[in-house]
Amino acid sequence: MLLHGDFWSNNILFDVNDPSRITAILDPAFAFTGNLMLDIALIITKCTTPEVRYQLEEFIVEFYYDNLSKLMAAEGRSLNFNVDQVRQAYRMAHAGTAM
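Just so it is clear, the model here is predicted, and its values are computed rather than measured.

What counts, and at which threshold
- Residues numbered from 1 in each chain as written.
- Predicted model: local features only at pLDDT ≥ 70, side-chain atom pairs only at ≥ 80, totals over all residues.
- Heavy atoms only, no water.
- Helix = DSSP H or I, 4+ residues; strand = E, 2+ residues; numbered from the N terminus.
- Buried < 20%, exposed > 50% of the residue type's maximum accessible area, 1.4 Å probe, protein only.
- Polar contact = N/O pair within 3.5 Å; in protein donor to acceptor, adjacent residues only side chain to side chain.
- Contact = heavy atoms within 4.5 Å.
- Axes fitted to C-alpha atoms, helices over the stretch in contact; angles between N-to-C directions.
- Parallel < 35°, antiparallel > 145°, perpendicular 65-115°, else oblique.
- Left-handed = near helix turned anticlockwise from the far one by under 90°.
- Core = buried A, V, L, I, M, F, W, Y, C linked by side-chain atoms within 4.5 Å.
- Nonpolar A, V, L, I, M, F, W, Y, C, P; charged D, E, K, R; others polar.

(A) How the structure looks around the side chain of Asp6. For Asp6, the position within the fold is in the loop between strand E1 (2-3) and strand E2 (12-14). On the basis of relative accessibility, which here comes to 16%, the residue Asp6 falls in the buried class. Of note is the side chain of Asp6, whose polar atom sits 3.0 Å from the side chain of Lys46. Those residues in contact with Asp6 that lie beyond four places of it in its chain are Asn11, Asp27, Phe30, Asp39, Leu42 and Lys46.

The following block contains the structure:
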């Protein structure tokens, strides 16, 4: 999986008329391949409080997996991992972002 490597709110441009819509992702200077959940762990860690993170991280992991599955299915493809493996990948990525 191609990762941004420095994914957080300062590297995201939001639509001024619809802030829920991302118009661009900036500064891919640290892009690399690796743990599919690293960018998710980075943005959650850098842009939320621990309280918010603990409250929402399970929802975010499942939301990410479900939507990635749907996007792949629309292309006639399927994921070769399950949601439990994504949870484990998130835990490993989150541990790395906390250092």
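(B) Seen up close, the packing of helix H1 (residues 38-47) against helix H3 (residues 83-97). It is at 8 Å that the axes of H1 and H3 come closest, and there the two elements cross at 50 degrees. Judged by the angle between their axes, H1 and H3 are oblique. The handedness of the crossing between H1 and H3 comes out as right-handed. For the pair formed by H1 and H3, the contact residues are Leu38, Ala41, Leu42, Ile44 and Thr45 on the first element and Tyr90, Ala93, His94 and Thr97 on the second.

(C) Looking closely at the nonpolar core. Membership of the largest hydrophobic core comes to 16 residues, with the highest contact counts inside it found for Leu36, Met37, Leu38, Val61, Val86, Tyr90 and Ala93. With 5 residues, H1 is the single largest residue contributor to this core. Those residues in contact with Tyr90 that sit more than four places away from it in its chain are Met37, Ala41, Ile44, Arg53, Glu57 and Val61.

(D) The packing of H1 against helix H2 (residues 50-74), seen in detail. Packing of H1 against H2 leaves a shortest axis separation of 11 Å and a crossing angle of 155 degrees. The angle between the axes of H1 and H2 places the two elements in the roughly antiparallel class. For H1 against H2, the interelement crossing comes out right-handed. For the pair formed by H1 and H2, the contact residues are Ile40, Ile44 and Thr45 on the first element and Arg53, Ile60 and Tyr64 on the second. Classifying every residue of the contact of H1 with H2 by side-chain character gives 4 nonpolar, 1 polar and 1 charged.

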